[in-house]
Amino acid sequence: MKKWKRKHLISLRELNPEEIEFILETTHSFREILERPIPKVPTLRGRTVANLFFEPSTRTRMSFELAEKRLSADTVNFSPGSSSVLKGETLLDTVKNIEAMKTDAVVVRHSSPGIPYFLASRLLHSTIINAGDGAHEHPTQGLLDIFTMLERKKKIKGLKVAIVGDIRFSRVARSNIWGLTKLGGEVRVVAPPTLLPPNIEKLGVKVFHSLSEGIKDVDVLMVLRLQRERQKESFIPSVREYRKLYGITLDKLKWAKDDVLIMHPGPINRGVELDPEVADSPYSVILSQVTNGVAVRMAVFYLLLGGEGWE
Amino acid sequence: MRKILSGKEVKTIWEKLCREIAREIPLTNLAVVGIRSRGEYLAKRLQDFLSYKTKKNVPLGVLDITLYRDDLTQVAEQPVMKSTEIPFDVTGKKIVLVDDVIYTGRTIRAALDELIDFGRPAFIRLAVLIDRGGRELPIQPDFVGKFVEIEQEEVVEVKLSEVDKEEGAYIIRRR
């Protein structure tokens, strides 16, 4: 595939394997730019990107903003705490007003799944990039995770990946599952039944409730944060019990392959889902994930905004 | 499609140009940079010659100017991006920039901007196999293999044995 046809990036579910591979290849070229003495190129000069984060975020937000700046786009930022949302403005009105200031792309994070689709169908011309919508998807995170695996393990086909932890509330898990299975990876999810969404096996993953079985001989161990802010009711008896059964400690790593990669989308609850000794071990590629995130987002902006625009 | 250079001519013209370059520029602290895609292979040939001549390994770099194009918003589809590879410190280097064909000068403008973002070279000289005229910017090559006068609707296509089945230069009429 040599042509990119899409205007928006909302999910990995809607992309075909060639499109995902195309983004990953493009990312490879952008990875090099980050190592230059001046890690900035003039590609998106004159384009404006609005970052709309209706939920807290450090990494993703900074990563998007850096990607925009390294491509020489102009950026504007929005956070609900200091905006007219507090005065009762609707989401659509807020975003339409931002678009009226002539933005070319809108990066949106929101707690409600489907908001990026909603905006893509209502806005006149802006490109929409999903930076996480509820428990639905977080496509650029999925892409940067897959890119990091590819960088270390050279291919995704046949790769055994275990996603451990809070799958139920995780958009990161969903984007990874869609992306990895499309590229031929073997995905397992490992969690207590209460932290798994119903019918998750329909996405083509194997379900495990026992950590020792679930991570047996895996190449990649993706640990998810226990998202306590999303859990209005109780899904686990106690954090201590969760750590005992599902927390990744050095001695539990013996079940996985010797050269297992430890990944985590951050932020880490150290000592809950992931022990500090593991997070800081040579197995961990958590900081590479963050570096690659900027390159992935640059590639996505280049592909979505680089051409003439869309009818 | 008409042939303007045979495979043998491409080879001898470029070799002659390599010798001319070696005569005219100081042979210290050199580097060669080719512009993707055909410039890359001509640059490799120049690098081989200069390395042989100076008995040193002259560094070789490759530029992909896609991200520096001034017409990205006018092309219908994004060009496929390949990596730029400049595996040496540009600052203080005497650089020979290489491309197969010079036309409007816009590619060279982009290449100069990109190269200068890597550091401050001592100088940059430009070598091209074919100059087809039609400049839109005040940029001229220092070393030219062959001049051709052709019409606006025509394009020059260079084929090189490293990537193509044959070697030669053709003029093709654009539809």
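Attention here is on the structure that accompanies the text.

1. What to know about the overall build of chain B
Link 1 in the chain: When helices and strands are counted, chain B shows 3 helices and 8 strands.
Link 2 in the chain: In sequence order, the secondary structure elements of chain B are arranged as β-α-β-α-β-β-α-β-β-β-β.
Link 3 in the chain: In terms of overall size, chain B behaves like a compact globule, its C-alpha atoms giving a radius of gyration of 16 Å where 175 residues would be expected to give roughly 16 Å.
Link 4 in the chain: Taken along its principal axes, the extent of the C-alpha atoms in chain B is 45 × 40 × 30 Å.
Link 5 in the chain: Restricting to contacts in chain B with at least 6 residues of sequence separation, those with at least 24 account for 68%.
Link 6 in the chain: In the structure as shown, chain B presents an accessible area of about 8,700 Å², 48% of it carried by carbon and sulfur atoms.
Link 7 in the chain: When the 30 basic and 29 acidic side-chain charges of chain B are each reduced to a single mean position, those positions are 5 Å apart.

2. Thoughts on the sheet that holds strand β3 (residues 105–110) of chain A
Strand pairing within a sheet occurs via backbone hydrogen bonds; the two strands may be parallel or antiparallel.
All names here are of chain A.
Link 1 in the chain: Read from one edge to the other, the open sheet built from 4 strands follows the order β2-β1-β3-β4, with strand pairing classed as parallel. If you trace the sheet from one side to the other, it starts and ends with β2 (74–78) and β4 (127–133), each paired once. Across the sheet, the mean angle from the axis of one strand to that of its neighbour is 15°, orientation sign disregarded.
Link 2 in the chain: Note: strand β1 (residues 48–53) against β3, 5 bridges, orientation parallel. Each residue of the ladder has a partner; that of Asn51, found in β3, is Val107.
Link 3 in the chain: Here helix α2 (residues 59–70) sits on the sheet in contact with β1, β2, β3 and β4, set at roughly 180° to β1.
Link 4 in the chain: Across the sheet, helix α3 (residues 91–100) lies against β1, β2 and β3, angled at about 160° from β1, the strand it touches most.

3. Re unusual backbone geometry
Link 1 in the chain: Cis geometry marks the peptide bond from Gly266 of chain A to Pro267 of chain A, where omega comes out at -10°.
Link 2 in the chain: Here Pro267 of chain A is to be found in the loop between β9 (261–263) and α9 (276–279).
Link 3 in the chain: Cis geometry is adopted by the peptide bond preceding Ser37 of chain B, which originates at Arg36 of chain B and carries an omega value of 0°.
Link 4 in the chain: You can see Ser37 of chain B is positioned in the loop between β2 (30–35) and α2 (38–54).
Link 5 in the chain: Of note, the phi angle at Lys102 of chain A is positive, near 70°, even though the residue is not glycine.
Link 6 in the chain: Within the secondary structure, Lys102 of chain A is located in the loop between α3 and β3.
Link 7 in the chain: Look at Lys154 of chain A: it is not a glycine, yet its phi comes out positive at around 70°.

4. With respect to the packing of helix α5 (residues 139–153) of chain A against helix α10 (residues 286–305) of chain A
Between two packed helices, what matters for the description is the angle formed by their axes and the separation of those axes.
Residues and elements named next belong to chain A.
Link 1 in the chain: Where α5 contacts α10, the axes come no closer than 8 Å and their chain directions differ by 115°. Along this stretch, α5 crosses α10, giving a crossing that reads as right-handed. Taken together, the residues of α10 that come into contact with α5 (itself represented by Thr140, Gln141, Leu143, Leu144, Asp145, Phe147, Thr148, Glu151 and Arg152) are Ser288, Gln289, Asn292, Gly293, Val296, Arg297 and Val300.
Link 2 in the chain: A class-by-class count of the residues in the contact of α5 with α10 yields 5 nonpolar, 7 polar and 4 charged.

5. Focus: the environment of Asp99 of chain B
All names here are of chain B.
Link 1 in the chain: Here Asp99 is to be found in strand β4 (residues 94–102).
Link 2 in the chain: The spatial distance from the C-alpha of Asp99 to the C-alpha of Leu42 is 7.3 Å, given a sequence separation of 57 residues.
Link 3 in the chain: When sequence neighbours within four positions are dropped, the list of residues in contact with Asp99 reads Ile35, Gly39, Leu42, Thr107, Ile108, Ala127, Val128 and Leu129.

Cut-offs applied
- Residues numbered from 1 in each chain as written.
- Chains lettered and ligands numbered in written order.
- Predicted model: local features only at pLDDT ≥ 70, side-chain atom pairs only at ≥ 80, totals over all residues.
- Heavy atoms only, no water.
- Helix = DSSP H or I, 4+ residues; strand = E, 2+ residues; numbered from the N terminus.
- Rg over C-alpha atoms; globule rule 2.2 N^0.38 Å.
- Contact = heavy atoms within 4.5 Å.
- Areas by Shrake-Rupley, 256 points an atom, 1.4 Å probe, with all protein chains shown as cover.
- Lys, Arg positive; Asp, Glu negative; His and termini not counted.
- Charge placed at Lys NZ, Arg CZ, Asp CG, Glu CD.
- Pairing = 2+ DSSP bridges.
- Axes fitted to C-alpha atoms, helices over the stretch in contact; angles between N-to-C directions.
- Left-handed = near helix turned anticlockwise from the far one by under 90°.
- Nonpolar A, V, L, I, M, F, W, Y, C, P; charged D, E, K, R; others polar.

Honestly, it's all geometry; don't read function into it.
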